[in-house]
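# A closer look at the structure
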2 protein chains.
Amino acid sequence: MPPTERLVIVGGDAAGMSAAAQARRLRGPDELEIVAFERGAHTSYSACGIPYWVSDTVSGPDALVARSPAEHRARGVDVRTRTEVVELDLPGRRVRTRAAGERDGSGGGEARESWTSYDRLVLATGARPIRPDLPGADAPGVHCVQTLGDGEALLRTLAEVERRPEPRHAVVVGAGYIGVEMAEALALRGYRVTVLDKADQPMTTLDPDMGELVRDAMAGMGINTVTGAGMTGVETGEDGLPRAVLTEDDRHPADVVVLGLGVRPETTLAAAAGLPLGASGGLLTDLGMRVRGRTDVWAGGDCVEVLNLVSGQPGHVPLGTHANKHGQVIGTNAAGGYATFPGVVGTAVSRVCDLEIARTGLLEAQAREAGLRFVTTSVTATSRSGYFPGARPMTVKMLAERRTGRLLGVQIVGREGAAKRVDVAAVALTAKLTVEQMTSLDLGYAPPFSPVWDPVLAAARKAAAAVREAGPD
Amino acid sequence: MPPTERLVIVGGDAAGMSAAAQARRLRGPDELEIVAFERGAHTSYSACGIPYWVSDTVSGPDALVARSPAEHRARGVDVRTRTEVVELDLPGRRVRTRAAGERDGSGGGEARESWTSYDRLVLATGARPIRPDLPGADAPGVHCVQTLGDGEALLRTLAEVERRPEPRHAVVVGAGYIGVEMAEALALRGYRVTVLDKADQPMTTLDPDMGELVRDAMAGMGINTVTGAGMTGVETGEDGLPRAVLTEDDRHPADVVVLGLGVRPETTLAAAAGLPLGASGGLLTDLGMRVRGRTDVWAGGDCVEVLNLVSGQPGHVPLGTHANKHGQVIGTNAAGGYATFPGVVGTAVSRVCDLEIARTGLLEAQAREAGLRFVTTSVTATSRSGYFPGARPMTVKMLAERRTGRLLGVQIVGREGAAKRVDVAAVALTAKLTVEQMTSLDLGYAPPFSPVWDPVLAAARKAAAAVREAGPD
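Residues numbered from 1 in each chain as written. Chains lettered and ligands numbered in written order. Predicted model: local features only at pLDDT ≥ 70, side-chain atom pairs only at ≥ 80, totals over all residues. Heavy atoms only, no water.

If you check an unreviewed UniProt entry, chain A appears there as FAD-dependent oxidoreductase from Streptomyces alkaliterrae. The heading Sequence similarities (unreviewed entry) in the UniProt record of chain A holds the text "Belongs to the class-III pyridine nucleotide-disulfide oxidoreductase family." As stated in UniProt under Cofactor (unreviewed entry), the record for chain A gives "FAD". (UniProt positions renumbered as here; feature names shortened; annotations may be inferred.)

Okay, here's the thing in structure tokens:
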């Protein structure tokens, strides 16, 4: 008896393959055929791990693959790698694919096109890195780090550069998470690293005062951060490879260039098929991750918009952790079950240069933009009891709404033990707790783990006092 | 102009002195006189730090004092150490004190008694360790570790024992947090350590399956854990010092004995004055920590009962973190402000033998006792991305109510990065989240800090599935 339905998945990373795995868990191969198309060679990989691969902290690329195509196939998911979906025919319920000449191979040979029909469709096409339309920006040696393939290409360039005599120069354009993590990785590899950002601070995912703490830590590692400096082009040599990154006022030597300018939702196929996109360019879905207005199409991961539960605004938040949750929800629903993804609160954590950085909720500028009145406070406290070996200071900044005292956001910058403390605030945001309520949270206390007032509690106390002091308006 | 009111505080550790400090913050010395009586020599100290002092991980006792009597005095709090309150005269609004002959001195000279009147009274008399009425149990060399004075006495015994030839034997009676932490400290000091507990498992603050993980870790450190073994007495030598701890069936050599049998609320004074006590023996208060039925008496810290927000039952939870919060609330209210302490969710964390142990909410037995029907699940996950150096496994056990899916409790046993993850569950319990809601919590993800499914999220997924599977009844 042939399978009664076919689920087709476009995109073989976190969202797509989590959906596949979850759907398979709920419905066996005799009920549901699952076909997943991936244009690259890898499935279910951790792009977040690329900086650690570049710095040789972890091996790659295999270690970064959570589940290979073969492992997916062994679990009853028909994965077709190096096969790109090039058209969606929604009325005809089919997708057109273009396969490289040799499946899972080098891509050599003639590409083959064909149509595959579906009963249910999942779009998990991810995001594409921003590569500005500037002279030299697409030269070889100018790399993005979005996929494992990108990581492989970058490492080939580095191997090439490292055959030359020292010193080696790297320029990272964009001082967000990826940019700063890549800067550290390249510094650990022995490069002289400059990070450029057109903003006035590194790490604009933090408020300016917190971002400056990141700049200091980078400087401590010998990384030169140049802010207020937008790239105007890449100067290349006769071999076509980079020599320098140019800005309005300056020239920064570069044997290799990494672009960390952010990503945009990859929705070319979806847009061509007339599916609805939000202001961020991401696909619009309902709470079950079904594309709005469609009964048989779901979408998740970096190609969709998600709701920020604090601001009430939709936005594009490309993070693997959301993609995995989306996949879980989509797989459940596409298999006939029920699950929802209510939204995000804006949590992000990173480790850079021995510094732990975390945020959740809204920054000051975001809170203003959302129409909120708020107070802001900041405390410094230690990760363990002050007398306990290894206690390290951290700065906790907290935003709370005036009048209601509701928590709006937390930023933490510190050393060991700082980043994951933001999780307490993430749950508090989800539950819409006030900072006053947070002061009595029953958080774990023991000298090796926390002072008797955990830094988050200390921050809540100060924020609650500021709310009272500010009065109702 | 003399102060218009006097606030008298009985007990100079966390709850009492936090209340004093907070009241002083809100009202100056010209408005409120604050007098605090402490029968020992120290104020505002961390008894939780004693095991680390014994193992020489931290220095003591000064490092364990957050604020000394002199520092309190410099902030306008009239602290009188070595001065015991021996009677409360509530109708007369006064307390009778007995001061050692020489204030802050050795206690030599003749004790002096006097009465001090108050307008507002704070009882922060703490807890007293359980010392069973058995032969030899009060011998010198049999120690509790409740106060810094107890720590000093234990260290004098250890110095004495360490003049003798090796091997040195220590027996710890009671395998709860303090017992296990002390066992580790003594093992680190080079003692052969046996821990006795009359229960069938060590660490009865965890479910039996989780407690066994603690036994394994202790064994790995060479500590012998004997369960199902209640002490029947201490055998002493001609010098009156311990030689062994006796049980029904056995004799365990001991040069020093540490009792970790728990504590009881110290409410002798309060009971004699007719103040209301709960079933646990702790003082009963309202949400503002005011003693029930009284307008001018507050109580907090280890001498009161607190509400468990998950079970709805009151109980005795003697932890420094609660005592500090109580003090904060009492100080605010006693100074004419407004604050409340809503209760606890039962969080406790500890580090033992390189093992991190955490719990919050209810154990299985407690949930049954509270009349709840529930499901129980357990997962093992890593502290960081599996491929990231330093990733260590942890076991997360989760209890959720049937029908509603509400989170009831979490226990975590693991290595680095395990304990403080319980905070996420503590906030979820406070907010009464369901395990299904927890599956979409926006927790921080980055390879050095967490796998893409944080262990708590992985546990919530499994628990949510178990709730669905169990059905409504």
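Turning to helix H1 (residues 14-26) of chain B, a few remarks are in order. Residues and elements named next belong to chain B. Taking 1.5 Å as the rise per residue, H1 with 13 residues should run 18 Å; its terminal C-alpha atoms sit 18 Å apart, in good agreement. Among the 13 residues that make up H1, 11 are buried, leaving the element largely enclosed by the rest of the structure. Within H1, burial applies to Ala14, Ala15, Gly16, Met17, Ser18, Ala19, Ala20, Ala21, Gln22, Ala23 and Arg24. Residues of H1 that are buried in the fold lie against strand E1 (5-10), strand E2 (32-37), helix H3 (69-74), strand E3 (78-80), strand E7 (120-123) and helix H8 (320-334). (Helix = DSSP H or I, 4+ residues; strand = E, 2+ residues; numbered from the N terminus. Expected span 1.5 Å × (residues − 1). Buried < 20%, exposed > 50% of the residue type's maximum accessible area, 1.4 Å probe, protein only. Contact = heavy atoms within 4.5 Å.)

All names here are of chain A. Only one face of strand E5 (residues 94-99) is buried, namely the one carrying Val95, Thr97 and Ala99, since none of Arg94, Arg96 and Arg98 on the opposite face is buried. Summarising the sheet, strand E4 (residues 83-89) and E5 pair through six bridges and their orientation is antiparallel. Within E5, the residue paired with Val85 across the bridge is Thr97. Between E4 and E5, which pair antiparallel and follow one another directly, the connecting turn spans four residues, one of which, Arg93, has a positive phi of 50 degrees. Summarising the sheet, E5 and strand E6 (residues 112-117) pair through six bridges and their orientation is antiparallel. (Pairing = 2+ DSSP bridges.)

Moving on to the domain arrangement of chain A. Residue and element names in this part refer to chain A. When its domains are assigned, chain A resolves into domain 1 (5-128 + 264-334), domain 2 (142-261) and domain 3 (348-470). Each of domain 2 and domain 3 has a C-alpha centre, and these two points are 31 Å apart. For the pair domain 2 and domain 3, the summed buried surface comes to about 1400 Å²; carbon and sulfur atoms form 67% of the total. Contact with domain 3 buries surface across domain 2, with Tyr177, Asp207 and Met210 losing the most and accounting together for 39% of the total. One can count two salt bridges joining domain 2 with domain 3. The closest approach of N and O atoms between Asp209 and Lys397, which form a salt bridge, is 3.0 Å. Our count for the contact surface shared by domain 2 and domain 3 stands at six residue pairs in polar contact (both at pLDDT 80 or more). With six residues, the single largest contributor to the side of domain 2 that touches domain 3 is helix H6 (residues 208-220). Split by residue class, the side of domain 2 that touches domain 3 holds 11 nonpolar, two polar and four charged. (Domains from an automatic or database assignment. Buried area = accessible area lost by both parts, 1.4 Å probe. Salt bridge = Lys/Arg side-chain N within 4 Å of Asp/Glu carboxyl O. Polar contact = N/O pair within 3.5 Å; in protein donor to acceptor, adjacent residues only side chain to side chain. Nonpolar A, V, L, I, M, F, W, Y, C, P; charged D, E, K, R; others polar.)

We now examine the interface of chain B and chain A. Each partner contributes residues to the interface: chain B has 57 residues there, and chain A has 57 residues. Summing both partners gives a buried area of about 4700 Å² for chain B against chain A, and 66% of it is carried by carbon and sulfur. Summed over the three residues of chain B that lose the most area to chain A, namely Tyr387, Asp442 and Phe449 of chain B, the buried surface amounts to 16% of that side. Where chain B meets chain A, there are two salt bridges. Taken together, the elements giving at least two residues each to the side of chain B that touches chain A come down to H8, strand E21 (348-352), helix H10 (422-430) and helix H12 (455-470) of chain B. Broken down by class, the residue content of the side of chain B that touches chain A amounts to 29 nonpolar, 17 polar and 11 charged.

The next thing to look at is the environment of Thr380 of chain B. Residue and element names in this part refer to chain B. Among the structural elements, Thr380 can be located in strand E23 (residues 374-382). Spatially, the C-alpha atoms of Thr380 and Pro393 are 6.4 Å apart, while their sequence positions differ by 13 residues. Aside from chain neighbours lying at most four places away, what touches Thr380 is Pro393, Met394 and Thr395.

For these two chains of identical sequence, chain B goes onto chain A by a turn of 180 degrees and a shift of 0.0 Å along the axis, with RMSD 0.0 Å. Both chain copies can therefore be described as sitting about a two-fold axis. Considering only C-alpha atoms, the part of chain B nearest the rotation axis is Val424 of chain B, at 2.7 Å. An overlap of 100% is found between the interface residues of chain B and their copies at the interface of chain A, pointing to a shared contact surface. (Least-squares fit on C-alpha atoms with pLDDT ≥ 70 in both.)

Let us now look at the packing of helix H10 (residues 422-430) of chain A against H10 of chain B. Following both chains from N to C, one finds H10 of chain A and H10 of chain B inclined at 20 degrees, their axes separated by 9 Å at the closest point. Classed by the angle they form, the pair H10 of chain A and H10 of chain B counts as roughly parallel. Handedness of the crossing formed by H10 of chain A with H10 of chain B: right-handed. Contacts between H10 of chain A and H10 of chain B involve Asp423, Val424, Val427 and Ala428 of chain A from the former and Asp423, Val424, Val427 and Ala428 of chain B from the latter. A per-class count over the contact of H10 of chain A with H10 of chain B returns six nonpolar, no polar and two charged. (Axes fitted to C-alpha atoms, helices over the stretch in contact; angles between N-to-C directions. Parallel < 35°, antiparallel > 145°, perpendicular 65-115°, else oblique. Left-handed = near helix turned anticlockwise from the far one by under 90°.)

As a further point, take the pattern of salt bridges. Per the stated rule, a full pass over the model turns up 58 salt bridges over all chains. Between Asp454 of chain A and Lys420 of chain B there is a salt bridge whose closest N-O contact spans 2.6 Å. One end of the pair, Asp454 of chain A, is in the loop between helix H11 (435-438) and helix H12 (455-470); the other, Lys420 of chain B, is in the loop between strand E25 (407-414) and H10, on a second chain. Given a relative accessible area of 2%, Asp454 of chain A falls into the buried group. A salt bridge links Glu436 of chain B to Arg468 of chain B; the shortest N-O distance between them is 3.0 Å. Remark: Arg468 of chain B occurs in helix H12 and Glu436 of chain B occurs in helix H11 (residues 435-438); sequence separation between them is 32 residues. By relative accessible area, which is 36% here, Glu436 of chain B ends up partly exposed. Owing to a relative accessible area of 54%, Arg468 of chain B belongs among the exposed residues under this scheme.

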